[in-house]
Amino acid sequence: SNEVVVNMHGSKYGAKLKDNRLMWDDGDIWIRQSQQALPLTLEDITVGSTVQVLDDVRRVLAACRQAGLGTYKDDRRRTFAGGPARALKKEPVDNTVKCLMPD
């Protein structure tokens, strides 16, 4: 199918695939990259916005270790790699963002 529906934070979002782009009903357009771009910086992120978690689990876990985060949430980090998340709070002390994952 060329359509997808996502339930996130109590809202439904739909998209249609057209010309290798996901055209979302809220106006967003996602373009698949052959390689994932560099991660966003803390300054790039707006609290309340939806961001995409890196899809490379090794990079996600390495970034967590570099930020001084422990391993106790690594199972969740592996599960949600590559998926969307809502930015809840910026943590300038360790240069991380606390996120809420979809239902």
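Preceding this section is the structure that the text describes.
Residues numbered from 1 in each chain as written. Predicted model: local features only at pLDDT ≥ 70, side-chain atom pairs only at ≥ 80, totals over all residues. Heavy atoms only, no water.

Considerations on the sheet that holds strand S6 (residues 84-91)
Strands in a sheet are paired, the pairing made by backbone hydrogen bonds, and the direction either parallel or antiparallel.
So, step 1. Pairing in this open sheet of three strands is antiparallel, and the strands run S5-S6-S7 from one edge to the other. Edge positions in the sheet fall to strand S5 (50-52) and strand S7 (96-100), since each has one partner strand and no second. Ignoring strand direction, the axes of neighbouring strands in this sheet form an average angle of 60°. (Pairing = 2+ DSSP bridges. Helix = DSSP H or I, 4+ residues; strand = E, 2+ residues; numbered from the N terminus. Axes fitted to C-alpha atoms, helices over the stretch in contact; angles between N-to-C directions.)

Looking at the side chain of Thr96
So, step 1. Checked against the element boundaries, Thr96 lands in strand S7.
So, step 2. Within the structure, Thr96 has its side chain in polar contact with the side chain of Asp94 (distance 2.6 Å). (Polar contact = N/O pair within 3.5 Å; in protein donor to acceptor, adjacent residues only side chain to side chain.)

Considerations on the nonpolar core
So, step 1. If you look at the biggest cluster of nonpolar residues, it comprises five residues: Ile45, Val51, Ala85, Ala87 and Met101.
So, step 2. In contact with Ala87, not counting residues within four places along its chain, are Ile45, Thr46, Val47, Gly48, Ser49, Val97, Lys98 and Cys99. (Core = buried A, V, L, I, M, F, W, Y, C linked by side-chain atoms within 4.5 Å. Buried < 20%, exposed > 50% of the residue type's maximum accessible area, 1.4 Å probe, protein only. Contact = heavy atoms within 4.5 Å.)

Section: a nonpolar patch on the surface
So, step 1. A grouping of Met23, Ile29 and Ile31 is seen on the molecular surface, where their side chains present a nonpolar patch of about 250 Å² in accessible area.
So, step 2. For Ile29, the location among the structural elements is in strand S4 (residues 29-31). (Patch = residues over 30% accessible without salt bridge, like charges linked within 9 Å, V, L, I, M, F, W, Y side chains within 5 Å. Areas by Shrake-Rupley, 256 points an atom, 1.4 Å probe, with all protein chains shown as cover. Salt bridge = Lys/Arg side-chain N within 4 Å of Asp/Glu carboxyl O.)

Re the sheet that holds strand S1 (residues 3-8)
So, step 1. If you trace the four strands from one edge of the open sheet to the other, you get S1-S2-S3-S4, paired in antiparallel fashion. Edge strands, defined here as strands with exactly one partner in the open sheet, are S1 and S4. Adjacent strand axes in the sheet meet at a mean angle of 25°, parallel and antiparallel pairs treated alike.

Points about the pattern of salt bridges
So, step 1. Counted by the stated rule, this structure contains five salt bridges.
So, step 2. A salt bridge links Asp56 to Arg58; the shortest N-O distance between them is 4.0 Å.
So, step 3. Here Asp56 falls in the partly exposed class, since its relative accessible area comes to 27%.
So, step 4. Look at Arg58 and you get exposed, because its relative accessible area is 70%.
So, step 5. Each of Arg65, Asp74 and Arg77 takes part in a single network of salt bridges with overlapping partners.

Comments concerning helix H1 (residues 57-66)
So, step 1. Buried within H1 we find Val60, Leu61 and Cys64. Along the axis of H1, the buried residues cluster in a sector spanning 90°; they form a single face. Those residues of H1 that are exposed and aimed more than 90 degrees away from the buried face are Arg58 and Gln66.
So, step 2. Next to the buried residues of H1 lie helix H2 (74-80).
So, step 3. Where H1 starts, the residue carrying a side-chain oxygen 3.0 Å from the main-chain nitrogen of Arg58 turns out to be Asp56. (Arc of directions from axis to C-beta.)

Take it as geometry only, folks, not as evidence of what the structure does.
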